[in-house]
Amino acid sequence: MENRVKLEVLGITQSQIQAGAYALLLAESGGDYRIPVVIGASEAQSIAAKLEGVTLPRPLVHDMFYSMTRAFGIRLKNVFIYRFEKGVFYSELTFVDRDDREVTIDSRTSDAVALAIRTNSPLYTTEEILKTTGFVVQGGSERVSSKTEEEEPEEVPLNRFAVKELEKMMQRCIEREEYERAAEIKKVIQEKREKNNV
């Protein structure tokens, strides 16, 4: 098994970048990294309902799938976020049947997480994905509700800022728990460094 990092589900927030979408916040277990994953509204509802202990009048598709696997003696062993490419996280589910046979299938990350929280199954990723897509939050963070004069102008393209200023902007986003915006800024920083061979 390759070097895997265990993750925990922190919660769901509304996406600051994509209208009508939500951000699933994942955290490095026992660590300071946070990963934002953009997901759709129905998957966000399914995850939030389970996290908040809400019992819905009718089962959602993830509840139905969980009930079906239990009925046939199949358990979810783990979820593995194994790749990040062009803004998309790729995941796989490993199931074990009554005879200890393992089967691994591909899944959208949002569906995989929705099933993992229903079965209390571990969630993993690689160190590379954690460091590429994640942000370090030390000593916890507090949401800043009021805007400050230092806040970056939204209308100015990010690539016009110097790397040093982009790093400050990214840190402010992390402090406000605006992880998607921070991810966008981090990507621009990486592109600038690659272009300048920094």
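Coordinates for the structure precede this section.
Computed from a prediction, not measured in an experiment: that's the story for all the values here.

A. Spotlight on the sheet that holds strand E8 (residues 135-136). An order of E6-E5-E4-E7-E1-E2-E3-E8 is seen for the 8 strands of this open sheet, with the pairing classed as mixed. Each edge of the open sheet carries a strand with a single partner, namely strand E6 (102-108) and E8. Bridge count for strand E4 (residues 75-85) against strand E7 (residues 123-126) is 3 bridges, and the pairing is parallel. Bridging from a neighbouring strand, Val79 pairs with Leu123 of E7. This element, helix H1 (residues 41-51), spans strand E1 (4-14), strand E2 (22-28), strand E3 (33-39) and E6 of the sheet and lies at about 105° to E1.

B. Quick peek at the side chain of Thr125. For Thr125, the position within the fold is in strand E7. Residue class for Thr125 comes out buried when judged on its relative accessible area of 1%. In terms of polar contacts, Thr125 uses its side chain to reach the backbone carbonyl oxygen of Ile81, at 2.9 Å. Contact partners of Thr125, with chain neighbours within four places excluded, come to Asn3, Arg4, Val5, Leu7, Ile35, Phe80, Ile81 and Leu130.

C. Fine view of the pattern of salt bridges. If you walk through the whole model with that rule in mind, you get 9 salt bridges. Across the pair Glu102 and Lys77 runs a salt bridge, and its minimum N-O distance is 2.5 Å. Linking Glu102 in strand E6 with Lys77 in strand E4, this pair joins segments that are 25 residues apart in sequence. Between Arg101 and Asp97 there is a salt bridge, and its shortest N-O distance comes to 2.7 Å.

D. Region of interest: the pairing of E4. Pairing geometry for E4 and strand E5 (residues 88-96), over 9 bridges, is antiparallel. Within E5, the position partnered with Glu85 by the bridge is Val88. Connecting E4 to the next strand, E5, in antiparallel fashion are 2 residues, including Lys86 with a positive phi near 50°.

E. Here's a closer look at H1. Every buried residue of H1 is listed here: Glu43, Ala44, Ser46, Ile47 and Ala49. Contact partners of the buried residues in H1: E1, E2, E3, helix H2 (61-71), E6 and helix H3 (109-119). Count one or two residues on from H1 and you reach Gly53, which has phi positive near 70°.

F. Main features of the packing of H2 against H3. Taken N-terminus to C-terminus, the directions of H2 and H3 make an angle of 55°; their axes are 10 Å apart at the nearest point. Compared by their axis directions, H2 and H3 come out oblique. Crossing angle aside, the handedness with which H2 passes H3 is right-handed. Touching His62, Asp63, Phe65 and Tyr66 of H2 are Asp111, Ala114, Leu115, Arg118 and Thr119, all from H3. Class assignment for the residues of the contact of H2 with H3 results in 4 nonpolar, 2 polar and 3 charged.

G. Layout of the packing of aromatic side chains. According to the stated counting rule, one finds 4 aromatic pairs in the structure shown. Taking 6.4 Å as the distance between ring centres and 40° as the angle between the ring planes, the aromatic pair formed by Phe80 and Tyr82 counts as tilted. Using a relative accessible area of 2% as the deciding quantity, one classes Phe80 as buried. Of the residues examined, Tyr82 reaches a relative accessible area of 28% and is grouped as partly exposed. Ring plane angle 50° and centroid distance 4.6 Å describe the contact between Phe84 and Phe89, whose orientation is recorded as tilted. An aromatic cluster is built from Phe80, Tyr82 and Tyr90, whose rings are joined through pairwise contacts. Across from the ring centre of Phe135, 5.3 Å away, lies the NZ or CZ of Lys186, which sits over that ring.

Reading guide: rules and limits
Residue positions are counted from 1 within each chain, in the order its sequence is given. For this predicted model, a pLDDT threshold of at least 70 governs which residues receive local features, and a threshold of 80 or more governs which side-chain atom pairs are given and counted, while totals over whole chains, interfaces and linings are taken from all residues. As a convention, hydrogens and water are excluded, and side-chain values are obtained from all of the structure's heavy atoms. For two strands to count as paired, DSSP must find a minimum of two bridges between them. Here a helix means four or more residues in a row that DSSP labels H or I, a strand means two or more in a row labelled E, and each is numbered from the N terminus. A contact between two residues is defined here by any heavy atoms of the two lying within 4.5 Å. With axes taken as lines fitted to C-alpha atoms, and helix axes fitted only over the stretch in contact, angles between N-to-C directions fall between 0 and 180 degrees. Residue burial is assigned from relative accessible area. The probe radius is 1.4 Å, only protein chains are included, and a residue is buried under 20% of its type maximum, exposed over 50%, and partly exposed in between. As used in this structure description, the phrase polar contact means that two N or O atoms lie within 3.5 Å; if the pair is within protein, one of them must be able to donate a hydrogen and the other to accept it, and residues adjacent in sequence are counted only when both atoms belong to side chains. We define a salt bridge as a contact between a side-chain nitrogen of Lys or Arg and a carboxyl oxygen of Asp or Glu at a distance within 4 Å. Throughout, the term roughly parallel applies to angles under 35 degrees, roughly antiparallel to angles over 145, roughly perpendicular to angles from 65 to 115, and oblique to all others. Note on convention: the crossing is left-handed when the near helix lies turned anticlockwise from the far helix by less than a right angle, right-handed when the turn is clockwise. Residues were grouped as follows: Ala, Val, Leu, Ile, Met, Phe, Trp, Tyr, Cys and Pro as nonpolar; Asp, Glu, Lys and Arg as charged; and all remaining residues, including Gly, as polar. Stacked, tilted and edge-to-face pairs are distinguished by plane angle, under 30 degrees for stacked and over 60 for edge-to-face with tilted covering the rest, among Phe, Tyr and Trp rings (Trp via its six-membered ring) whose centres lie within 6.5 Å. Two conditions define a charge sitting above a ring: the NZ of Lys or the CZ of Arg must be within 6 Å of the ring centre, and it must be within 35 degrees of the ring normal.

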